[in-house]
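Each chain, letter by letter, is given below.
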Amino acid sequence: MRITCVGGGPAGLYFALLMKKADPAHQVRVLERNRAGDTFGWGVVLSDQTVEALREADAETAEQISEAFNHWDDIAVHFRGRSIVSSGHGFCGIGRKKLLNILQARCEALGVELVYETDVLDDVDIDADLIIAADGLNSRIRQKYAATYQPDVDLRACRFVWLGTTKLFDAFTFDFQQTEWGWFQAHAYRFDATHSTFIVEAPEDVWRAAGLEDMSKEDGIAFCEKLFAKVLDGHPLISNASHLRGSASWIRFPRVVCKTWVHHNGRAPVVLMGDAAHTAHFSIGSGTKLALEDAIDLARDIQAHGDLQKALDAYEATRSIEVLRIQNAARNSTEWFENVERHARLAPEQFAYSLLTRSQRISHENLRLRDARYVGEFERWLAAQSGVDAQVPPMFTPFKLRGVTLKNRVVVSPMAQYSCEDGIPGDYHLAHLGARALGGAGLVFAEMTCVSPDARITPGCPGLWNDGQGAAWQRIVEHVHTHSSARIAMQLGHAGPKGSTCVPWEGEDQPLPDGNWPLISASPQQYLDGISQVARAMTRADMDRVREDFVNAARRAADAGFDWLELHCAHGYLLSAFISPLTNHRDDDYGGSLENRLRYPLEVFTALREVWPLDRPMSVRISAHDWVPGGTTPEDAVALAAAFKEAGADLIDVSSGQVSKAQKPVYGRMFQTPFAESIRNRVGIATMAVGAISEADHVNSIIASGRADLCAIARPHLANPAWTLTEAARIGYRGPVGLEWPKQYLSGKSQLEREFERQRAGNVAAVEQANKALGV
């Protein structure tokens, strides 16, 4: 083939040499706009895994790169006068110029034609069978064929400058400095025998307030030298971006995503590679990694498939998934650094842990594999914050609100069972909730319980509108208290516009075939267009009646002995319908602004707080994001939480969605946890995370990093009532703090622990074997 690579960065050079190595008959050339010795930037970072991939693709190049590497395992976090170090992370640093020189020399040795000082403005004059557009972040080719590639470029919120220094860092170092304008942070790492990379970053409003926008480049560097004087230890900061003047050296990171990576220009396929196709924030050091792996995969696909089109199809399919995975992690990391002000409220120990696990690629147990000493010391510190003098996994530390102490941080989420008659919970609910109380969770929630007959979602929903229901609930509460150390919570709600429907297994969200009851909402509403019953707007008399229904139900819940009360203001039910602008179109004091839309839910909450015992906690479940344009946003959720906190709420149960069928959630592991973290650390109120939390590792990571105080586990508890006990055995925790096996189950405990111990031994052996193969 005749192959032309536009761009002489790592992607273009590495692909060129791999193709020439695979078949010397290929005519391969690289067109680069700069001179041979020019480069911008300082060092680049590669993981041990990437180095192994390079070794498999071309051992000779990998050997030269490895010889030039500076390898380190430690990450050091400097924050509020403390230095906290974690080891076992396995990174390699190399100068960008050195890397390019190695790739250039290898290309020349293999016979690749390198053409410098050639600025390709258009691909129209390129005569080739395959064109690689590796022309960087501001790719002209990507811009020309934007209709095909469909790029999405998102400029992130921080400004950063890429500098160097003669200070040689022994660890990948993060240094945080608080100023009168806000927080600045530095990312620093050594990449050769004489220099380190030193990136300074700050939110744009902080950067502007500090006056950096109006400073010369030299004054900006002097500002950074003074700000980070302690960590620089007298060494200067250096810029090699001679082509940039003034504040132009400070840029906002552009996150680039392309829907497709291949365009056919009528003569040859034009394939995006490296930064032209995608970017990943420098805080996870994956830009060069992705570029090199793009080159490896496309070269491999061409050799494997023979047919060029099939190879390009495979390349786009496999790389787009891998890049999405990395970009998701990069997004998490980027957002963490954009919100240092929020995280800075944490103690240094928890701040450092939060930083280490920010991308969600490193979990609690993964961190333990990397550095068991660090995790052990951190677990002991975190347990001490709850009054425990022992090393305890974060999920098993106690948690206290008002007069109630939970033995651990695991909550059985309220899950509708639709199995009552006339609103009375019977033997099914005794068995269902009792089993989960025995299963090890600290708190067990009853499903949303309705405050009146017309507040039900379905005829099978439980209620608390009469004393018979109260007595039935009391029987269940006494069973939980007698046979377990779990606490039990009541969640009160009103279905509003989503009521009078069939139980899900007979037609989810579908109206009853007969016997429907009238529905009410904040405004006239039909949940399912053309299908659901139309709810009418509530009058002031309706509001008074429903408020008193809630109050009477709360009194019955207190008399039944529930330890905790939650008000359901989420998921499109009645109180949620007041909060969301999608469903509240009122023009009176209860509609319009967020303050007005909150007025009635706060009125109900305040009335409940007045009758609920002062020594027992109250929480509120909210939808932090409607996932629909024009709906409730995460910023609104912060205001919601602050209002409920002022009214006396002790905790916010942070869910999202289910307000509109038009919703488009962005799903993923722990996908709602960022909303809980934002509320917790901005409002200063305890939160409960919920959604796609399915294993102990998730819970430990969330609690340890300060993202939430409790974790509500739903579907896993349906599959396994003893989820908490099972996960304790899985991670090798035997208690006793926060963990209590029923004495009747102790023989099962031993068997389960032995089974998981064998699995863990196998996992450790596999890790050791992989490390040996990687030479680490």
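Given the structure is predicted, the values throughout are model-derived calculations rather than measurements. (Residues numbered from 1 in each chain as written. Predicted model: local features only at pLDDT ≥ 70, side-chain atom pairs only at ≥ 80, totals over all residues. Heavy atoms only, no water.)

### So, empty space enclosed by the protein
- A full pass over the atoms with the stated rule returns five cavities of 30 Å³ or more.
- Approximately 80 Å³ is the volume attributed to the largest cavity.
- What lines the largest cavity is a set of 14 residues, among which Val161, Lys217, Ile221, Ser249 and Trp250 lie closest to the centre.
- Elements with a minimum of two residues in the lining of the largest cavity: β10 (151-165) and α8 (217-227).
- The element that contributes the greatest number of residues to the lining of the largest cavity is α8, accounting for four residues.
- Counted by class, the lining of the largest cavity contains seven nonpolar, six polar and one charged residues. (1 Å grid on protein atoms, 1.4 Å probe; cavity = no way out; pocket = protein on both sides within 12 Å on 5 of 7 lines; lining within 4 Å. Points joined across faces, edges and corners; volume = space filled by probe spheres on them. Helix = DSSP H or I, 4+ residues; strand = E, 2+ residues; numbered from the N terminus. Nonpolar A, V, L, I, M, F, W, Y, C, P; charged D, E, K, R; others polar.)

### Notes on the packing of aromatic side chains
- Summed over all chains, the structure comprises 38 aromatic pairs.
- Considering the side-chain rings of phenylalanine 91 and phenylalanine 172, the 6.0 Å spacing of their centres and the 50 degrees angle between planes classify their relative orientation as tilted. Separated by 81 residues along the polypeptide, phenylalanine 91 in strand β7 (residues 91-95) and phenylalanine 172 in strand β11 (residues 172-178) bring together distant segments of the chain.
- The exposure class assigned to phenylalanine 172 is buried, which follows from its relative accessible area of 8%.
- Judged by centre distance (6.5 Å) and plane angle (45 degrees), the rings of phenylalanine 160 and phenylalanine 253 are tilted. Placement of phenylalanine 160 in strand β10 and of phenylalanine 253 in strand β15 (residues 251-258) is noted, with a sequence separation of 93 residues between them. For the pair shown, phenylalanine 160 and phenylalanine 253 are each scored as buried.
- Linked through ring pairs, Trp72, Phe79, Phe91, Phe172, Phe174, Phe176, Trp183, Tyr189, Trp336, Phe337 and Phe351 together constitute an aromatic cluster.
- Directly above the ring of tryptophan 207 sits arginine 159, whose terminal nitrogen or CZ lies 4.6 Å from the centroid.
- Geometry around tryptophan 612 places arginine 616 over its ring, the cationic atom sitting 5.4 Å from the centre. (Phe/Tyr/Trp six-rings, centres within 6.5 Å; stacked < 30°, edge-to-face > 60°. Buried < 20%, exposed > 50% of the residue type's maximum accessible area, 1.4 Å probe, protein only. Lys NZ or Arg CZ within 6 Å of the ring centre and 35° of its normal.)

### As for the pairing of strand β29 (residues 710-713)
- Side chains Leu710 and Ala712 project from β29 onto one buried face, and the interleaved Cys711 and Ile713 project onto a second face that is buried too.
- Bridge count between strand β20 (residues 410-412) and β29: three bridges; the pairing is parallel. By the bridge assignment for β29, valine 410 is matched with cysteine 711.
- In the sheet, strand β28 (residues 686-690) pairs with β29 via three bridges, with the strands oriented parallel. Across the sheet, methionine 688 pairs through a bridge with leucine 710, a residue of β29.
- A crossover links β28 with its parallel partner β29, the connecting element being helix α24 (residues 696-704), and its sense is right-handed. (Pairing = 2+ DSSP bridges. Right-handed = clockwise from strand over helix to strand, strands pointing away.)

### Overview of helix α4 (residues 96-110)
- Counted at 1.5 Å a residue, the expected span for α4 with its 15 residues is 21 Å, and the 21 Å between its end C-alpha atoms agrees.
- On the buried face of α4, the contacting elements are α1 (10-22), β3 (43-47), α3 (59-67), β7, β8 (113-115) and α10 (287-305).
- Where α4 terminates, the next one or two residues include glycine 111, which has phi positive at roughly 100 degrees. (Expected span 1.5 Å × (residues − 1). Contact = heavy atoms within 4.5 Å.)

### Some points on the environment of arginine 402
- Counting through the fold element by element, arginine 402 comes out in the loop between β18 (399-401) and β19 (404-406).
- Residue classification places arginine 402 among the partly exposed residues on the basis of a relative accessible area of 32%.
- Considering only alpha carbons, one finds arginine 402 and histidine 89, 313 residues apart in sequence, at a separation of 41 Å.
- Leave out the neighbours within four places in its chain, and arginine 402 touches Arg609, Leu614, Asp615, Arg616, Pro617, Gly648 and Asp650.

### Side note on the sheet that holds strand β25 (residues 564-569)
- Here we have eight strands rolled up into a closed barrel, ordered β20-β21-β22-β25-β26-β27-β28-β29, and parallel in their pairing. When strand polarity is set aside, the average angle formed by the axes of neighbouring strands in this sheet is 25 degrees.
- Bridge analysis of β20 against strand β21 (residues 443-450) gives two bridges, and the strand direction is parallel. What sits directly across from valine 412, in β21, is valine 444.
- In this fold helix α17 (residues 467-483) packs onto β21 and β22 (487-493), with an angle of close to 150 degrees to the strand it touches most, β22. (Axes fitted to C-alpha atoms, helices over the stretch in contact; angles between N-to-C directions.)

### With respect to the pairing of β28
- With respect to burial, β28 is a largely interior element, five of its five residues being buried.
- Here β28 shows no split at all, with Ala686, Met688 and Val690 on one side and Thr687 and Ala689 on the other all buried.
- Across four bridges, strand β27 (residues 651-655) lies against β28 in parallel orientation. Counted as the bridge partner of leucine 651 is alanine 686 from β28.
- Tracing the backbone out of β27, into helix α23 (residues 673-683) and back to the parallel element β28 gives a crossover that is right-handed.

### A short note on helix α22 (residues 634-647)
- With 14 residues, α22 extends 20 Å between its outermost C-alpha atoms, agreeing within 8% with the 20 Å of an ideal straight helix rising 1.5 Å per residue.
- Those residues of α22 that fall on the buried side of the exposure criterion are Ala637, Val638, Leu640, Ala641, Ala643 and Phe644.
- Where α22 terminates, the next one or two residues include glycine 648, which has phi positive at roughly 115 degrees.

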